[in-house]
Each structure stands twice: as C-alpha cells, then as structure tokens.
Amino acid sequence: MDKRRILCFGDSNTHGVNPVGPRFGEAERWPTLLQSLLGERFRVLEEGFGGRTIAFDDPVEGGYKSGMQYLPPCLLSHNPMDLVIVMLGTNDAKQRFAMSAPAIAQALAHLLRLCHLYAVDGRAEPSRVLVVAPPPVRENVLRTRMAGIFDARSVEVTQGLGEEYLRISKLMRCEFLNAADFCRASEEDGVHLTAAGHRALARGVADKVWKMFKEESQ
C-alpha cells in the first residue's frame, strides 16, 4: 500500500525553533513526532521556515518569507500529496505589518486557493487541506526578547485567529484545528512552543488526521 503523504507548511513553530536554545531535534518537533504517531502508513514532510508569513516578504528580516510566493513550487515539488497542513499567521501579526485578524484570515483564503490549485493526490485530485490556527502570542511577550517585534495588538490579533480561521476553513472547504486547544506559546518568549507544546500539538494533529482518513475510507 502506498503511504499517505502529508506536508506540514508553517513558520518557526513548524521548523522547531526552541525559545531558549537551538532548534529542537527530530525527536522533539511536532511534524516528526506526528510521523512517529501516525506510523509507517504515512510519510510526513516538514516545510517550516522561521519568520514565514502568509502574505509578506519581511522588510526587516529579508526576503523569501511570503508563504504565497513559496507555496506553489513547494507543492509542485512534493506532489503527490494526500494532505497539506497549514499553520501560519503569527508573523503576519507582527507590529510592523499592522494586520487585523480578519485581514490575516482573508490572506489565508488566498493561500488555501493555491493549495487547491497546486496540491494533488495520487489520483490527480485536489489534496485535502487542514488549517491549523497557531497558538496565540502570550501577553508576557512585551517582557521578552520578542518585544518590539510583537506588541499588545499582536496578542489581541492572534487571539482572534481561531474564530476567523474556522470561518475561512468552512468557506474554503478545508478541515480545521485550533492549536490553542492543545498547546500554548512558551513563557520564555511568548511566541514559540516548548518541547511539551510540540508533543501536545503532535498528538492533537495525529488524532485529527486519523479521523479525516477514517472518514474518507467509509
């Protein structure tokens, strides 16, 4: 039996940035933990990049940050793909972009259209898509090294992404998961997941993936 192929497309919390040290290893990042939980019937591919946004190249951190620009060739290079998991939006809430939650969700809708256009499964049909609302930025971010990048408005905006992403997911006929139901950003920097957060998110995503493919086979 061919393996179900899953692409995890996200930012530093998919890449595995450690809030207090170097990048988490393969035994600690949620996409590789997801692979372990799902087993040999699945092949999980990591596409996380620190600072990635839905819609913007970054005037401070440099280019190659726009998910919209990178996603089409990324999907084409990894096809066939049974499922694309998208967890983005935190970086769009940075102070310098001044985006609202509804505006970020509208940008997400354009990104999901690209998924529908460019991601195909082994039968050349559009891949399934799972939208994951990222964990909100914590209020203590103003007392961490991330202050000045994220502000109080960023906290409020990211707190509203779950509701907005659910609405967009229904509109775009995608599956939805709210990461905040399973994990929180760390106390250390208010943005990135701890190792425990990666484990909890991996379990939540794995349960969702099992449910999705069980329903598909019925």
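For the structure, check the block above.
Here, residues in each chain are numbered from 1, in the same order as that chain's written sequence. In keeping with the model being predicted, local features are shown solely for residues with a pLDDT of at least 70 and side-chain atom pairs are shown and tallied solely at 80 or more, while totals for entire chains, interfaces and linings include all residues. Side-chain measures were taken over the full set of non-hydrogen atoms in the model, leaving aside hydrogen atoms and water.

(A) Region of interest: unusual backbone geometry. With an omega of 0°, the peptide bond running from Asn79 to Pro80 counts as cis. Helix and strand labels come from DSSP, where a helix needs a run of H or I of at least four residues and a strand needs a run of E of at least two; each type is numbered from the N terminus. Relative to the helices and strands, Pro80 resides in the loop between α3 (67-78) and β3 (83-87). Notably, Ala124 is not glycine yet its phi reads approximately 65°, a positive angle. With respect to the helices and strands, Ala124 occurs in the loop between α4 (101-118) and β4 (128-133).

(B) Quick peek at the nonpolar core. Ile54, Val84, Ile104, Leu108, Leu112 and Tyr165 are the most contacted members of the largest nonpolar core, which has 35 residues in total. Taken together, the elements giving at least two residues each to this core come down to β1 (4-10), α3, β3, α4, β4 and α6 (161-171). Broken down by element, this core gets its largest block of residues, 10 residues, from α4. By definition in these notes, contact holds between two residues if any of their heavy atoms fall within 4.5 Å. What Tyr165 contacts, discounting residues up to four positions off in sequence, is Ile54, Leu88, Gly89, Ile104, Ala105, Leu108, Val131, Val132, Ala133, Pro134 and Phe176. Definition of nonpolar core: a set of buried residues of the types Ala, Val, Leu, Ile, Met, Phe, Trp, Tyr and Cys, connected through side-chain atoms within 4.5 Å. Exposure is judged per residue with a 1.4 Å probe applied to protein chains only, and the accessible area is read against the type maximum: over 50% gives exposed, under 20% gives buried, and values in between give partly exposed. In this structure, Ile6, Leu38, Val209 and Met212 belong to the second largest nonpolar core, which totals 24 residues.

(C) Inspection of the packing of α3 against α4 at higher detail. Note on definitions: angles span 0 to 180 degrees between N-to-C directions of axes, and those axes are lines fitted to C-alpha atoms, for helices only across the stretch in contact. Packing of α3 against α4 brings their axes to within 9 Å, and their N-to-C directions diverge by 15°. Considered as vectors, α3 and α4 are oriented roughly parallel to each other. With respect to the hand of their crossing, α3 and α4 are arranged in right-handed fashion. Residues Gly67, Met68, Leu71, Pro72, Leu75 and Leu76 of α3 touch α4, and the partners they reach there are Ala107, His110, Leu111, Leu114, Cys115 and Tyr118. Each residue is assigned to one class: nonpolar for Ala, Val, Leu, Ile, Met, Phe, Trp, Tyr, Cys and Pro, charged for Asp, Glu, Lys and Arg, and polar for all the others, Gly among them. Classifying every residue of the contact of α3 with α4 gives 10 nonpolar, two polar and no charged. Reported orientations rely on four angle classes, namely roughly parallel under 35 degrees, roughly antiparallel over 145, roughly perpendicular from 65 to 115, and oblique for the rest. Crossing handedness is read from the near helix: turned anticlockwise from the far helix by less than a right angle, it gives a left-handed crossing, and turned clockwise, a right-handed one.

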